[in-house]
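# Structural overview for review
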Amino acid sequence: MSKGPGLFADIGKKAKDLLTRDYISDQKLTVSTYSEAGVAITSTAVKKGGLSTGDVGVLYKYKNSVIDVKADTGSNISATLTVIDIFPSTKTIASFKFPDYNSGKLEVQYFHDHAALTTSVALNQCPAVDLSVTMGTPSIAFGAEAGYDTTSGSFTKYTAGISVAKPDSCASILLGDKGDTIRASYVHHLDSLKKSAVVGEISRRFSTNDNTFTVGGSYAVDRLTTVKAKLNNHGNLGALLQHEIVPKSLLTISGEFETKALDKTPKFGLALALKP
């Protein structure tokens, strides 16, 4: 693959991951095993409120192809086939879900030194079509995406964005929801290994004049332990502790509460991911 600007979905992703990734409000256990033949089996159990669910996933890598099949306790089966370089500098992804036979989708990604293109088509009688384009370099990129519903003959979405990246920082601006929202974010890394960082994000919805400003950060206490926190102008405070109990296995404890409504019950989450 090329060393170009990346996909449109990557614009603003660093800030989003820092503010949302690993923050949980339920209990989750994940156990992964691997074989020498290249097969990975992952079992997941989740308890949210009084409801418990689970799934088992099998991932197999062979040369330039990856097959991922997952079955859950709701009798749903999903399958994803990813093939790299069917054509030069491309990645092709086909996905299906059963018993929902209309959920199939085919996506093709093309990477160039100065551009990236993604197009996806739903595999049904009235397919929805999504298209995104990014142009630039790894340091600065401009992009846009649009979705079109062939049934109604109308656009379901259109979004534009720009990102600027440096070795220790990244900034982005996204205009989305058909021009109704704008979101700007900035991430700054505090160390050369990028284990500690601070982030700020501001978003505005023009139709409701609603503004949200969020600040957060992550700090590597040591090579095994990381803490994260975030707070927005609505008073929502979140924090988490993640510790590598054994190599590759993580314990995550997360909590969120509303500082402007302390009478509300805080949300707590616990996740344990075990890998060999």
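Each remark here, short or long, concerns the structure printed above.
Along each chain, residue indices are assigned from 1 in the same order as the chain's sequence is written. pLDDT decides what is reported in this predicted model: residues at 70 or higher carry local features, side-chain atom pairs at 80 or more are listed and counted, and totals for whole chains, interfaces and linings draw on all residues regardless. Calculation of side-chain values draws on the structure's entire complement of heavy atoms; hydrogens and water are dropped beforehand.

## Considering the side chain of Thr82
Numbering of helices and strands runs from the N terminus, with a helix taken as a DSSP run of H or I at least four residues long and a strand as a DSSP run of E at least two residues long. Within the secondary structure, Thr82 sits in strand S5 (residues 77–84). Each residue is placed in one exposure class: buried if its accessible area under a 1.4 Å probe, protein chains only, is under 20% of its type's maximum, exposed if it is over 50%, and partly exposed if it falls in between. Residue classification places Thr82 among the buried residues on the basis of a relative accessible area of 16%. Apart from the residues within four sequence positions on either side, Thr82 is in contact with Asn64, Ser65, Val66, Lys91, Thr92 and Ile93. Residue contacts follow a heavy-atom distance rule, with two residues in contact if any of their heavy atoms lie within 4.5 Å.

## Side note on the packing of aromatic side chains
Side-chain rings of Phe, Tyr and Trp (the six-membered ring for Trp) are treated as a pair once their centres are within 6.5 Å; stacked means planes under 30 degrees apart, edge-to-face means over 60, and tilted covers the remaining angles. Throughout the structure, instances matching the rule amount to four aromatic pairs. Here the aromatic rings of Tyr60 and Tyr62 are separated by 6.4 Å at their centres, their planes lie at 10°, and the arrangement is stacked. Using a relative accessible area of 48% as the deciding quantity, one classes Tyr62 as partly exposed. Taking the centre distance of 5.4 Å and the plane angle of 70° together, the rings of Tyr148 and Phe155 count as edge-to-face.

## Digging into empty space enclosed by the protein
Points on a 1 Å grid over protein atoms alone make up a cavity when a 1.4 Å probe fits among them but cannot get out, and a pocket when they form an open set with protein on both sides within 12 Å along at least five of seven lines; lining residues each have an atom within 4 Å of a point. Grid points are joined across faces, edges and corners, and a volume is the space filled by probe spheres set on the points. This model, assessed by the stated rule, comprises one cavity of 30 Å³ or more. Approximately 30 Å³ is the volume found for the largest cavity. Gly12, Lys14, Ala15, Cys170, Ala171, Ser172, Ser185 and Val187 are the residues that line the largest cavity. Among the secondary structure elements, those contributing two or more residues to the lining of the largest cavity are helix H1 (13–20), strand S12 (169–176) and strand S13 (181–189). Three residue categories are used. Nonpolar comprises Ala, Val, Leu, Ile, Met, Phe, Trp, Tyr, Cys and Pro, charged comprises Asp, Glu, Lys and Arg, and polar comprises the others, including Gly. Along the lines of polarity and charge, the residues of the lining of the largest cavity split into four nonpolar, three polar and one charged.

## Comments concerning the nonpolar core
Buried Ala, Val, Leu, Ile, Met, Phe, Trp, Tyr and Cys residues that are joined via side-chain atoms within 4.5 Å together make up what is termed a nonpolar core. Counting six residues, the largest nonpolar core consists of Ala15, Leu18, Leu19, Val187, Ala197 and Val199. Listed by contribution, the elements that provide at least two residues to this core are H1 and strand S14 (197–205). When residues of this core are assigned to their parent elements, the largest contribution, three residues, is made by H1. With residues up to four places along the chain from it excluded, the contact list for Leu19 reads Val199, Glu201, Thr214, Val215, Gly216 and Lys230.

## Some points on unusual backbone geometry
In this chain, Phe98 is followed by Pro99 through a cis amide linkage whose omega measures 10°. One non-glycine residue, Asp22, lies in the positive phi region at around 75°. Counting through the fold element by element, Asp22 comes out in the loop between H1 and strand S1 (27–34). The backbone of Asn209 shows a phi angle near 55°, a positive value even though the residue is not glycine.

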